[in-house]
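Inside the fold
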Amino acid sequence: MVTLTVSQLNRYVKSVIEGDKKLADVYLKGEISNFTNHYRSGHYYFSLKDEKSAVKAVMFESHASFLPFLPENGMTVLVRAGAGVYERDGVYQLYVTDMQPHGLGAMAAAYEQRRQKLADEGLFDSSRKKSLPAFPEKIGVVTSETGAAFRDIVQVLSRRWPIASVTLYPAPVQGEGAADALAHGVRALDGKCDVIILARGGGSAEDLWQFNDENLVRAVAAASTPLISAVGHETDTTLCDFAADVRAPTPSAAAELAVPSAAEVYGRVRSCGYFLRQNALGMLGGAQEALDTVSSGFMSYSPRFLLEKKRERLDFLADMLYNSKNTVVGRYSSKLARRAGVLFSPRPLRGLARGYSAVH
């Protein structure tokens, strides 16, 4: 018979439990109770329970600091942990390394906590929002390569604005690691496109949860390129929607917002061209009238115009002189004729005038 000390027993139990590879990395679902946030150390202490049992758990600061929400009593969570023993007290407990909210109630609480935190930092302020370009040439899309969202976006872009090129950054839109891949896609396309569309089709709250990831939301908010968030259906709202410059209810609607309609642009150009032509013709007509008026004024002072006026005056005076000469000559001719008549009135001269001659 072997007699053990309490320390030896606890050490042995610890070695058995922690030496079991099956207990080194386990996933458990349960409800949080007796939650304590140790502000000085940053450690989280709580119990994880179900309907029949409970187990103590601790999440050290090195892992808790990366948790995107604050656990609360009554919240159902999914944890990743390793089983172990706190040797001093002989307490069997879980050492939690990761935690995710599970169920709508827990997810709603985590969602609201994160939303408030990021809003307080100013990530959702309207002053940060950028306007979409009027005539984009390069459209970046971050979504699943095989999903319907990308096909819908391409179809709308091809119909409305076929001159734009589309660059896809393929990334999973749900499941573990999806948020990191989506964030990497946003950063990879930032600065290389005129507008970025972050999209996925509809799904449950759990399916869309990756778009509430803090790392992804920060990447969306930090993008220098205007970004449209189109996640889920119209009734779905993710934190990426708040951080994006524009929120679209569906991926197809995002494509509609991203580019103008080529037909509408062509119609506006034609209308503008017509009005410009009419305005130009009106301006040219007015300018021609003004030019004619100015030209007429300048003509009144030109040497040629003055010379023509003097020439006209000279011609007028010459005509007057000529007419006056003819009048005077005519008048004196008549007078001379009358006097000649008187001169030839004596009879001797009349005979001579009829052909007679005087003989001496």
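Scroll up for the structure.
Here goes a summary of the coordinates provided. Values in this document were obtained by computation on a predicted structure and should not be read as measured data. Throughout, a residue's number is its position along its own chain's written sequence, starting from 1. Residue-level local features of this predicted model are given only where pLDDT is at least 70; pairs of side-chain atoms are given and counted only at 80 or more, and the full residue set underlies all totals for whole chains, interfaces and linings. By convention in this description, side-chain values take in all heavy atoms of the structure and omit both hydrogens and water.

The subject of this paragraph is the pattern of salt bridges. One speaks of a salt bridge when a side-chain nitrogen belonging to Lys or Arg is within 4 Å of a carboxyl oxygen belonging to Asp or Glu. Per the counting criterion, the structure on display carries 12 salt bridges. With a closest N to O distance of 3.3 Å, Glu 87 and Arg 11 form a salt bridge. In this pair, Glu 87 is assigned in the loop between β4 (76-86) and β5 (91-101) and Arg 11 in helix α1 (residues 6-19), connecting sequence segments 76 residues apart. In this scheme, a residue with accessible area under 20% of its type's maximum is buried, one over 50% is exposed, and one in between is partly exposed, where area comes from a 1.4 Å probe on protein chains only. The exposure class assigned to Glu 87 is partly exposed, which follows from its relative accessible area of 26%. Between Glu 18 and Lys 14 there is a salt bridge whose closest N-O contact spans 2.8 Å. One end of the pair, Glu 18, and the other, Lys 14, are both in helix α1, four residues apart, so they sit about a helical turn from each other. A relative accessible area of 37% means that Glu 18 is categorised as partly exposed. Ionic contacts of the salt-bridge type, sharing partners, join the residues Lys 117, Glu 121, Glu 214 and Arg 218 into one network. Helical segments are the DSSP runs of H or I of at least four residues, strand segments are the runs of E of at least two, and each set is numbered from the N terminus.

The next point concerns helix α6 (residues 178-189). Since the α-helix turns once every 3.6 residues, residues separated by three or four places project in the same direction. In this analysis, the expected span of each helix is defined as 1.5 Å times one less than the number of residues it contains. With 12 residues, α6 extends 17 Å between its outermost C-alpha atoms, agreeing within 8% with the 16 Å of an ideal straight helix rising 1.5 Å per residue. For α6, the set of buried residues is Ala 178, Ala 179, Leu 182, Ala 183, Gly 185, Val 186 and Leu 189. Down the axis of α6, the buried side of the element spans an arc of 155 degrees, and every buried residue falls inside it. Two residues qualify as a contact provided that any one of their heavy atoms is within 4.5 Å of a heavy atom in the partner residue. Against β6 (138-143), β7 (165-170), β8 (195-200), α7 (214-222) and β9 (227-231) lie the buried residues of α6. Immediately beyond the C-terminal end of α6, within one or two residues, lies Gly 191, with a positive phi of roughly 85 degrees. It is the directions from the helix axis to the C-beta atoms that the arc portrays.

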